[in-house]
Amino acid sequence: MRIRIFPVDITYGIVNNEPEIRVFGVSEDGKHVAVAHRGFRPYFYAILSNEEAVSELRRMRNVISIEIEERKLFGKPVKVAKIIVTTPDKVRDARERAATIKGVQDVLEADIRFTLRYMIDKGIKPGWMEFEAEPSDGFGTGIDAFYRATSDPVQVESTLVPPLRYVAFDIEVYNPFGSPSPERDPIIIISMMDWSGNIKLLVNDGDEEKLIRDFVRELNELNPDILFGYNSSRFDLPYLVRRASVLGVKLPITKYGTAPEQSTYGHWSIIGRAHIDLYGVIQEMSDIKRKSLDYAAEYFGVMKRSERVLIPGHDIHRYWDDASKRDELLKYARDDAVSTLRLGEKLLPHIIQLANISGLPLDQVVEASVGARVEWMIMHEAYRAGELAPNRVEREYEPYRGAIVLEPRPGLHNNVAVLDFSSMYPSIMMRFNVSPDTLMEGECDCYVAPEVGYRFLKSPRGLYPRMLEKLVSARRSIREQMRLIEAKSPEFIYLDARQRALKIMANAMYGYCGWTGARWYRREVAEAVTAWGRSLLTSAIKFAESIGGRVIYGDTDSLFLLNDEGVISKLIEKEEKDGFEVKIDKVYDKLLLTESKKRYIGLLPNGDIDIVGFEAARGDWCDLAKDVQEEVAELVLKRGTNAAIEYVRGIIKKLREHSIDLNSLIIWKTLDKSIDEYKVIAPHVAAARKLIERGFRVGKGDQIGFVVVKGEGRLADRVVPIALIKGNEDIDIDYYVEKQVIPAAMRILEPLGVNESALREKRGGGSILDFLG
DNA sequence: TAACCTAATAGTCAA
DNA sequence: TGTTGACTATTAGGTTAG
């Protein structure tokens, strides 16, 4: 019989010294099914410098057989021995032995995990797959039907996703000592929400063991395919596991009836299910400045911050202890579970597509770095092309030249067209066959990169260009399909997520090739791409100017031109002839350029304002300053500078009267390293230190919010982290006027000829005291 | 000692 | 553990005027 399965988790077991791949997933009718597949063995390659090594390799223990193959490494043919080993746990030992054998130059692909090896070799990525199979004995719990595969799997293209069952969970911990510790502090609430909207609030009524057992029972009854959490890889799941073990309670929530375990990169996996920590997905979305669950949920329109309970983390124990506040804490826990579930629903299509395109399983793809995702995608392609995966090696960092940014022509311009090269770097790689395996030294039938002179074979097609072509053409056909489908239908959402993911992956390839940690790293490849990019942009400028165009700004792949239809259409036509697509991205009715690169504001025909690069677009300025700048931008473009000046004066007056909400004065900055690595104690570092003194665990990656209060010394000595705000702080209004509001406003007003003094209230009597004091 | 200058450090954004 | 280019604030440590 034929079994079609949408995999949720793929793992393996060992039966009679033979590995058995086990695919847990969902069938088309929504049943939980699992397929076991035997017959596939782990292996790795050895590059041979002489044939005599083969007999010695054959004599190694746990080796089943050796096959001599012709493969390629960076495009060059090599002879390799494929060393097939009994079970995955024997690979390491065999690899180490093989490496010491004379005649073995190098050992390759010994660090590829078995289940991923299986998927690469069988041409399977997470998504529908089909087996010939027959019913079999069980090897887990919570499964409706077991099968044993009698054929290799086949990937099935389908735009459908089965009805997956998912649950979101969140734990609250009693934390009177600051950050909680599982050895000491009990779990007090576990909140859960399932796919059909049922919410469960499990409460510690004095028996924490029962709480955990209740959670296990509820979860196994729901038997979800996906468990969503928010920061659950770093907090909730390890805390639960540790706490259960401290209490001596079992936590059998995997489909093997075991506890979750930590696997690679700190990820916590639940066999048979996909544990998806949404925090990682949010973290890489640069549009979302605040990464906490409440902000992320608000960003996606899932739950407004104003409509939910917000409790500062360090206060949880107080709400628990205070009988009159406990209900609020329960509501808070509930809101977290609801937000997490709804966020999961929004993000799942995206996650499924990233998994399907990269080849990484659902739970791993959210944890994996961008580089790792691209690399797995390349591994699949390389295998089919007979290319060996190079080993990961530590390399020295070698900087190289990037893109051009034009000097802006400052001033207020009318009717400006912004043109850009569509997917410039991917296009360059495809157009000139730029790839690590086509890079050549010496004479050849080659494309030669400008300035840097690196040479790339015209044929055969390289690994990178081939992959990009697949990504680009897949995206193109999806976008065509989308035109025929009703927007917001399930299929539309699926296709849209897919085309976005394809674009993300295509755009990530350039960054990957310049990453020193990449298996297929070749600095020359990245360098050639940016060199061609510079040359494309400069020649486009020259051409535009030669036919009377006026270029006022440009960055990497974009040109800002005074709108002239003739010039623009000729430029577009010319680039098309050269194999590049140039498009009008947008047209501004008005555009304000300053002397700064990468910063401008523009007025679109529909009245919208674009603010690019300025403080209003940044996450590290207080909301007040950002709001002021946004308003100033709008007033300046729509009504003129005087209106903007009046507005700013009004805000400053309000601020001095203390009638501005404290929340709009919070400044957020990320700790990019752990606290003792800092050479300079910046304000947010000082704020973080204060938190640590008070028992909070803050560190690398955390966002620190603080306000500035009056006092002596450095700014860093005058910050109060928001978790420690009592409400009676003496806010340093002058700081907010002079260092936040006025600079943000002046950034836009100054180039228009406004003097800073125009923003300040005239000082009345007693001004001499102000100067002295 | 206050005022001023400058390099280094750090974070964030544009592309 | 994707890239370079660019802007900006703040600290840290100096020099200088008085």
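Residues numbered from 1 in each chain as written. Chains lettered and ligands numbered in written order. Predicted model: local features only at pLDDT ≥ 70, side-chain atom pairs only at ≥ 80, totals over all residues. Heavy atoms only, no water.

S.K.: Please clarify how the overall build of chain A should be interpreted in this entry.
M.R.: Summing up its helical and strand segments, chain A has 21 helices and 29 strands in all. By the compact-globule yardstick of 28 Å for 773 residues, chain A fits well, its C-alpha radius of gyration being 30 Å. Along the longest, intermediate and shortest principal axes, the C-alpha atoms of chain A span 95 × 80 × 55 Å. Going through the 773 residues of chain A one by one, you find that 53% of them count as buried. For chain A, contacts bridging at least 24 residues in sequence account for 66% of all contacts bridging at least 6. Of the roughly 35,000 Å² of accessible surface on chain A, a fraction of 47% belongs to carbon and sulfur atoms. Across chain A, the 109 positively charged side chains and the 117 negatively charged ones have centroids separated by 2 Å. (Helix = DSSP H or I, 4+ residues; strand = E, 2+ residues; numbered from the N terminus. Rg over C-alpha atoms; globule rule 2.2 N^0.38 Å. Buried < 20%, exposed > 50% of the residue type's maximum accessible area, 1.4 Å probe, protein only. Contact = heavy atoms within 4.5 Å. Areas by Shrake-Rupley, 256 points an atom, 1.4 Å probe, with all protein chains shown as cover. Lys, Arg positive; Asp, Glu negative; His and termini not counted. Charge placed at Lys NZ, Arg CZ, Asp CG, Glu CD.)

S.K.: What am I meant to see in helix H18 (residues 641–656) here?
M.R.: In an α-helix, one turn spans 3.6 residues; hence positions three or four apart end up facing the same way. The terminal C-alpha atoms of H18 lie 23 Å apart, and with 16 residues this matches the ideal 22 Å at 1.5 Å per residue to within 8%. Within H18, the full set of buried residues consists of Ala643, Ala644, Ile645, Val648, Ile651, Ile652 and Leu655. For H18, the elements touching its buried residues are helix H17 (623–638) and helix H20 (733–749). Phi turns positive one or two residues past the end of H18, at histidine 658, with a value near 60 degrees. (Expected span 1.5 Å × (residues − 1).)

S.K.: Explain the state of the cysteines here, please?
M.R.: By definition, a disulfide is the covalent link that joins the sulfur atoms of two cysteine residues. Applying the stated criterion across every chain, the model contains one disulfide. At a sulfur-sulfur separation of 1.7 Å, the disulfide partner of cysteine 444 is cysteine 446. Between cysteine 444 and cysteine 446, the S-S torsion sits near -100 degrees, and that sign places the bridge as left-handed. Taking the relative accessible area as the measure of exposure, cysteine 446 reaches 12% and is therefore buried. Not part of a disulfide, cysteine 513 finds its nearest cysteine sulfur in cysteine 446, a span of 18 Å. With a relative accessible area of 0%, cysteine 513 lands in the buried category. (Disulfide = S-S within 2.5 Å.)

S.K.: Whenever I open this one, the sheet that holds strand S5 (residues 63–73) confuses me. Can you help?
M.R.: Picture the strands of a sheet paired through backbone hydrogen bonds; they go either parallel or antiparallel. One open sheet holds the four strands; their spatial order is S5-S6-S4-S7, and the pairing between them is antiparallel. Across the chains shown, the open sheet's two edge strands, defined by having one partner strand only, are S5 and strand S7 (104–108). In this sheet, neighbouring strand axes are inclined to one another by 30 degrees on average, regardless of whether the strands run parallel or antiparallel. Bridge count between S5 and strand S6 (residues 76–85): ten bridges; the pairing is antiparallel. In the strand pairing of S6, serine 65 is matched with isoleucine 84. Here helix H2 (residues 91–100) sits on the sheet and contacts strand S4 (43–48), S6 and S7; the angle it forms with S7, its principal contact strand, is near 160 degrees. (Pairing = 2+ DSSP bridges. Axes fitted to C-alpha atoms, helices over the stretch in contact; angles between N-to-C directions.)

S.K.: Looking at this model, I keep getting lost on the protein's contact with DNA strand C. Mind explaining?
M.R.: The full set close to DNA strand C counts 27 residues, and Ser369, Gly402, Arg714, Ala716 and Tyr735 are the nearest of them. Contact between DNA strand C and glycine 371: a phosphate oxygen at 2.9 Å from a main-chain N or O atom of the residue. Within the backbone of leucine 715, an N or O atom sits 3.2 Å from a phosphate oxygen of DNA strand C. When residues of the surface near DNA strand C are traced back to their parent elements, those giving at least two are helix H11 (370–385), helix H14 (490–513) and H20. (Near = heavy atom within 4 Å. Polar contact = N/O pair within 3.5 Å; in protein donor to acceptor, adjacent residues only side chain to side chain.)

S.K.: For this particular structure, what's the right way to read the protein's contact with DNA strand B?
M.R.: As a structural note, the neighbourhood of DNA strand B is formed by 19 residues, with Asp557, Gly613, Gly619, Lys673 and Tyr678 the closest of them. Of what DNA strand B places within 4 Å of the protein, 88% of the atoms are sugar or phosphate. Within the backbone of glycine 613, a nitrogen or oxygen atom sits 2.8 Å from a phosphate oxygen of DNA strand B. Lysine 679 is positioned such that a nitrogen or oxygen atom in its backbone is 3.0 Å from a phosphate oxygen of DNA strand B.

S.K.: Would you explain the pattern of salt bridges in this entry?
M.R.: Oppositely charged side chains are able to pair whenever their charged atoms sit close together. The full count for this structure, using the stated rule, is 62 salt bridges. Arginine 747 is the salt-bridge partner of glutamate 615, the closest N and O atoms lying 2.8 Å from each other. Of this pair, glutamate 615 sits in the loop between strand S26 (609–612) and H17 while arginine 747 sits in helix H20, placing them 132 residues apart in sequence. Judged by its relative accessible area of 2%, glutamate 615 falls in the buried class. In this structure, lysine 710 engages aspartate 730 in a salt bridge whose closest nitrogen and oxygen atoms are separated by 3.8 Å. Of the two residues, lysine 710 is situated in the loop between strand S28 (703–708) and strand S29 (719–721) and aspartate 730 in the loop between S29 and H20; the sequence distance between them amounts to 20 residues. Judged by relative accessible area, which is 45%, aspartate 730 ranks as partly exposed. One network of salt bridges, with partners in common, ties together Arg2, Arg4, Glu28, Glu130 and Glu132. (Salt bridge = Lys/Arg side-chain N within 4 Å of Asp/Glu carboxyl O.)

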